[in-house]
Amino acid sequence: LVFYLIFILAILGIGDALYLAYEHYANQIPPCTVGAFSDCGKVLKSPFAAVLGIPLAVIGVVHYLLLLVWVIQTIVQGAKNKKILLVAQSAIGFAASIYFVFLQVVIIKALCFFCFLLCFIGLVIGAYQIFIHNTESLESENLIGGQLWATYCVGGILFFGMSILITHTIEE
């Protein structure tokens, strides 16, 4: 059941990220409510909206496509190595979502509904995979331990590297 939930959330994430990527390349701002703390234009035109010239929406499409591929392979094949990849990708999405919410709330001081929806999806998938489902399913398959911690370490390193790239891109 959990993998079907991730399947549905990944499809929603792909749709949302594709919409934001389309809006980026069409040089348009999504029709968000502009209010006290809501301003899609401010978020999407901020220097944090791209890494090395690649819009975060495109990175989001890749992220959710990877989640979708690995969850489909896990559902169809039940492959243990795909579960590890699914957990790693979920952990990266979880960490990135926390970071992007922080950027919107603390640094940019504005929220984009569509961006926040992507973060929410990433937080839900990541939290469930990391804190609830992961321990039960991987422990029963003897995947807890070295492989799991290595997965988290690689995810952390990739996320840390992405954070440095974003910060470095902003400073230039």
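Now for a nonpolar patch on the surface. A grouping of Phe37, Phe102, Val105, Val106 and Ile107 is seen on the molecular surface, where their side chains present a nonpolar patch of about 390 Å² in accessible area. With respect to the element layout, Phe37 can be found in the loop between helix H1 (2-25) and helix H2 (40-44).

Looking now at the packing of H1 against helix H3 (residues 56-77). Where H1 contacts H3, the axes come no closer than 8 Å and their chain directions differ by 160°. Here H1 lies roughly antiparallel to H3, going by the angle between them. Between H1 and H3 the crossing geometry is left-handed. Residues that form the contact of H1 with H3 fall into these classes: 22 nonpolar, three polar and no charged.

Once that is clear, we can look at the nonpolar core. Of all hydrophobic cores here, the largest spans 37 residues; its most connected members are Tyr64, Leu86, Phe100, Cys112 and Ile125. Elements with a contribution of two residues or more to this core: H1, H2, H3, helix H4 (80-108) and helix H5 (113-140). In terms of residue count, the dominant contributor to this core is H1 (nine residues). Apart from the residues within four sequence positions on either side, Tyr64 is in contact with Ala10, Gly13, Ile14, Leu118, Ile121, Gly122 and Ile125.

Turning next to the packing of aromatic side chains. Taken as a whole and assessed by the stated rule, the structure comprises three aromatic pairs. Note on Tyr19 and Phe114: the rings are 5.0 Å apart at their centroids and 55° apart in plane angle, and the pair reads as tilted. With Tyr19 in helix H1 and Phe114 in helix H5, this residue pair connects regions lying 95 residues apart in the sequence. Looking at Tyr19, the relative accessible area reads 27%, which means it is partly exposed. By relative accessible area, which is 19% here, Phe114 ends up buried. On the numbers, 5.3 Å between centres and 75° between planes, the contact of Phe113 with Phe114 is edge-to-face. Owing to a relative accessible area of 55%, Phe113 belongs among the exposed residues under this scheme. Among the aromatic residues, those joined into a ring-pair cluster are Tyr19, Phe113 and Phe114.

With that out of the way, let us pick up the confidence of the model for the protein chain. Residues with a pLDDT of 70 or more make up 72% of the protein chain, whose mean pLDDT is 79. Note on residues 138-147: pLDDT under 50 across the span, and 15 contacts to partners over four residues away in sequence or across chains.

In this model, Leu52 sits at a positive phi of 50°, which is unusual for a non-glycine residue. Notably, Lys109 is not glycine yet its phi reads approximately 60°, a positive angle. Inspection of the secondary structure puts Lys109 in the loop between H4 and H5.

Rules behind the numbers
- Along each chain, residue indices are assigned from 1 in the same order as the chain's sequence is written.
- It should be noted that, the model being predicted, local features are given only for residues of pLDDT at least 70 and side-chain atom pairs only at 80 or more, the latter also being counted only at that level, while totals for whole chains, interfaces and linings use all residues.
- To obtain the side-chain values, all non-hydrogen atoms of the structure were included, while hydrogens and water were left out.
- Each patch is built from residues lacking any salt bridge and having more than 30% relative accessible area; the joining distance is 9 Å for like charges and 5 Å for nonpolar side chains (Val, Leu, Ile, Met, Phe, Trp, Tyr).
- Here the Shrake-Rupley method, with its probe set to 1.4 Å, supplies the accessible areas, and only the displayed protein chains count as covering residues.
- Any Lys or Arg side-chain nitrogen found within 4 Å of a carboxyl oxygen on Asp or Glu counts as a salt bridge.
- A run of DSSP states H or I qualifies as a helix once it reaches four residues; a run of E qualifies as a strand once it reaches two. Both are numbered from the N-terminal end.
- Angular values range over 0 to 180 degrees, each being the angle between N-to-C directions of two axes fitted as lines to C-alpha atoms, with helices fitted over their stretch in contact.
- Working rule for angles: under 35 degrees goes down as roughly parallel, over 145 as roughly antiparallel, 65 to 115 as roughly perpendicular, anything else as oblique.
- In this scheme, a crossing is called left-handed if the near helix is turned counterclockwise away from the far one by less than a right angle; it is called right-handed if the turn is clockwise.
- Classes in brief: Ala, Val, Leu, Ile, Met, Phe, Trp, Tyr, Cys and Pro nonpolar; Asp, Glu, Lys and Arg charged; the others, Gly included, polar.
- Buried Ala, Val, Leu, Ile, Met, Phe, Trp, Tyr and Cys residues that are joined via side-chain atoms within 4.5 Å together make up what is termed a nonpolar core.
- The rule is simple: take the accessible area with a 1.4 Å probe, protein chains only, and divide by the maximum for that residue type; under 20% is buried, over 50% is exposed, in between is partly exposed.
- Throughout, a residue-residue contact means that at least one pair of heavy atoms, one from each residue, lies within 4.5 Å.
- Here the aromatic set is Phe, Tyr and Trp, taking the six-membered ring for Trp, and pairing holds for ring centres within 6.5 Å; pairs whose planes are under 30 degrees apart are stacked, those over 60 apart are edge-to-face, and all others are tilted.
- The predictor reports its confidence for every residue as pLDDT, a score running from 0 up to 100.

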